Amino acid sequence: VEHLAARRDWDVASLQKLPAASPMLKELEAVIPGRLPWRRAEASLSPYLAIAGSWDAFWKGTSQRFKKTCRNIQNRLERAGAVQIEEHHAVDVDGPLFAELLDLSRRSWKGDRGVAIATMPNMHAFFAALTRRAAPRGWLALWTLRLDGTLVAMEYQLQHAGRVNALRADFDPALREVSPGSALNFAIARALFERGGVHEYDMGPGLNEYKLRWATGTHEGTHLMAYRPTTYGRLLHLLDTRVRSAVRRVRERLG
């Protein structure tokens, strides 16, 4: 917070998806007041799968419709070509695998919208730095699915203390009909049940259909907005906290 207050190259800092029970959130809300104008913004929900018991028991407890959907996805993908699924814990950010990851993110639906790892400003550098730090600490898990040798789906995870957190997932939209991303989800969930030592698989914010298909619950995430303590920053804070809420109330009254 002191670092932000001293910098001059920003107006608004958006700290998103902080777990509602996080000690970090508690500390931030204790130290920000009096240093920076701030507010809580909208919350988000992250679906998660509780990993408990055996895979066979979990699979047996799912609905027939769920089982049929998973089997159909597996069959369609296998008819499309040779399937290869791998989990990587050591990734060279200057090597071919990381380059393939970037290429897949560029081809995904996120690429055209500018929110892919390869196309969002500074995101490539962030994930390169994160990979360099996470891999030697044993936190990194990069899951890949190849079809006839070509990378068509991936999921980038951090793992620690029995929790698996999915940070990014991408698939090739040209293969949407064979659902490579969903097939990779199936492989990940089964592997986490079978290996032991994991009690939760957090699939990340967003109530996407493929996440809800597996989820046993959701975690709430909090969004903090901090504003630079300048005239312009305080004006933005006033706009977000007072003016917009007043406009919203007027709209509600007018129907």
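Just so you know, these numbers come straight off a predicted model, no measurement behind them. (Residues numbered from 1 in each chain as written. Predicted model: local features only at pLDDT ≥ 70, side-chain atom pairs only at ≥ 80, totals over all residues. Heavy atoms only, no water.)

Draft legend 1. Here's a closer look at the overall build of the protein chain. If you tally the helices and strands in the protein chain, you get ten helices and nine strands. Taken along the three principal axes of its C-alpha coordinates, the protein chain extends 60 × 45 × 35 Å. Out of the 255 residues belonging to the protein chain, those deemed buried represent 40%. Sequence separation of 24 or more characterises 73% of the internal contacts of the protein chain that already satisfy a separation of 6 or more. Within the structure as shown, the protein chain displays about 14700 Å² of accessible surface, and the carbon and sulfur contribution to it stands at 52%. Computed over 37 positive and 27 negative side-chain charges, the inter-centroid distance for the protein chain is 7 Å. (Helix = DSSP H or I, 4+ residues; strand = E, 2+ residues; numbered from the N terminus. Buried < 20%, exposed > 50% of the residue type's maximum accessible area, 1.4 Å probe, protein only. Contact = heavy atoms within 4.5 Å. Areas by Shrake-Rupley, 256 points an atom, 1.4 Å probe, with all protein chains shown as cover. Lys, Arg positive; Asp, Glu negative; His and termini not counted. Charge placed at Lys NZ, Arg CZ, Asp CG, Glu CD.)

Draft legend 2. Focus on a positive patch on the surface. Where like charges cluster on the molecular surface, the positive patch consists of Arg-248, Arg-249, Arg-251 and Arg-253. Structurally, Arg-248 can be placed in helix H10 (residues 231-254). Take Arg-248: its relative accessible area is 47%, and that puts it in the partly exposed class. (Patch = residues over 30% accessible without salt bridge, like charges linked within 9 Å, V, L, I, M, F, W, Y side chains within 5 Å. Salt bridge = Lys/Arg side-chain N within 4 Å of Asp/Glu carboxyl O.)

Draft legend 3. Structural view of helix H4 (residues 64-80). The terminal C-alpha atoms of H4 lie 24 Å apart, and with 17 residues this matches the ideal 24 Å at 1.5 Å per residue to within 8%. For H4, the complete set of buried residues consists of Phe-66, Lys-67, Cys-70, Ile-73 and Leu-77. The buried residues of H4 occupy an angular sector of 130° when projected down its axis, which confines them to one face. Opposite the buried face of H4, by more than 90 degrees, sit the exposed residues Gln-64, Arg-65, Lys-68 and Arg-79. (Expected span 1.5 Å × (residues − 1). Arc of directions from axis to C-beta.)

Draft legend 4. Expanded view of the side chain of Ser-108. One can find Ser-108 in the loop between helix H5 (96-107) and helix H6 (109-113). Polar side-chain contacts of Ser-108 include one of 3.3 Å to the side chain of Asp-170. (Polar contact = N/O pair within 3.5 Å; in protein donor to acceptor, adjacent residues only side chain to side chain.)

Draft legend 5. A look at the nonpolar core. The biggest cluster of nonpolar side chains holds 30 residues, and the ones touching the most others in it are Leu-49, Ile-51, Trp-55, Leu-145, Leu-192, Tyr-201 and Trp-214. Broken down by element, this core gets its largest block of residues, eight residues, from helix H8 (residues 180-195). Not counting the four nearest positions on each side in its chain, Ile-51 is found in contact with Leu-192, Phe-193, Val-198, His-199, Glu-200 and Tyr-201. Ranked by size, the runner-up nonpolar core spans 18 residues in total, among them Ile-117, Met-123, Phe-127 and Leu-140. (Core = buried A, V, L, I, M, F, W, Y, C linked by side-chain atoms within 4.5 Å.)

Draft legend 6. Examining the packing of aromatic side chains more closely. Counting across every chain of the model gives 13 aromatic pairs. Each ring, one from Trp-55 and one from Phe-186, has its centre 5.5 Å from the other, and the planes form 90°; the classification is edge-to-face. You can see Trp-55 sitting in helix H3 (residues 55-61) and its partner Phe-186 sitting in helix H8, a full 131 residues away along the chain. Residue classification places Trp-55 among the buried residues on the basis of a relative accessible area of 5%. Residue Phe-186 is classed as buried on the basis of its relative accessible area of 13%. Judged by centre distance (5.4 Å) and plane angle (90°), the ring pair of Phe-126 and Phe-127 falls under edge-to-face. Through a chain of ring-to-ring contacts, three or more aromatic side chains come together here, namely Trp-55, Phe-58, Trp-59, Phe-66, Phe-186, Phe-193 and Trp-214. The ring of Trp-59 carries Lys-67 above its face, with NZ or CZ at 5.9 Å from the centroid. The ring of Trp-139 is capped by Arg-137, whose NZ or CZ atom sits 5.7 Å from the centre of that ring. (Phe/Tyr/Trp six-rings, centres within 6.5 Å; stacked < 30°, edge-to-face > 60°. Lys NZ or Arg CZ within 6 Å of the ring centre and 35° of its normal.)

Draft legend 7. Representation of unusual backbone geometry in the model. A positive phi angle, close to 55°, is found at Asp-148, a residue other than glycine. Backbone geometry at Ala-161 places phi at a positive 55°, although glycine is not the residue there. In this structure, Ala-161 sits in the loop between strand S6 (150-160) and strand S7 (163-171). Assessed through its relative accessible area of 60%, Ala-161 is described here as exposed.

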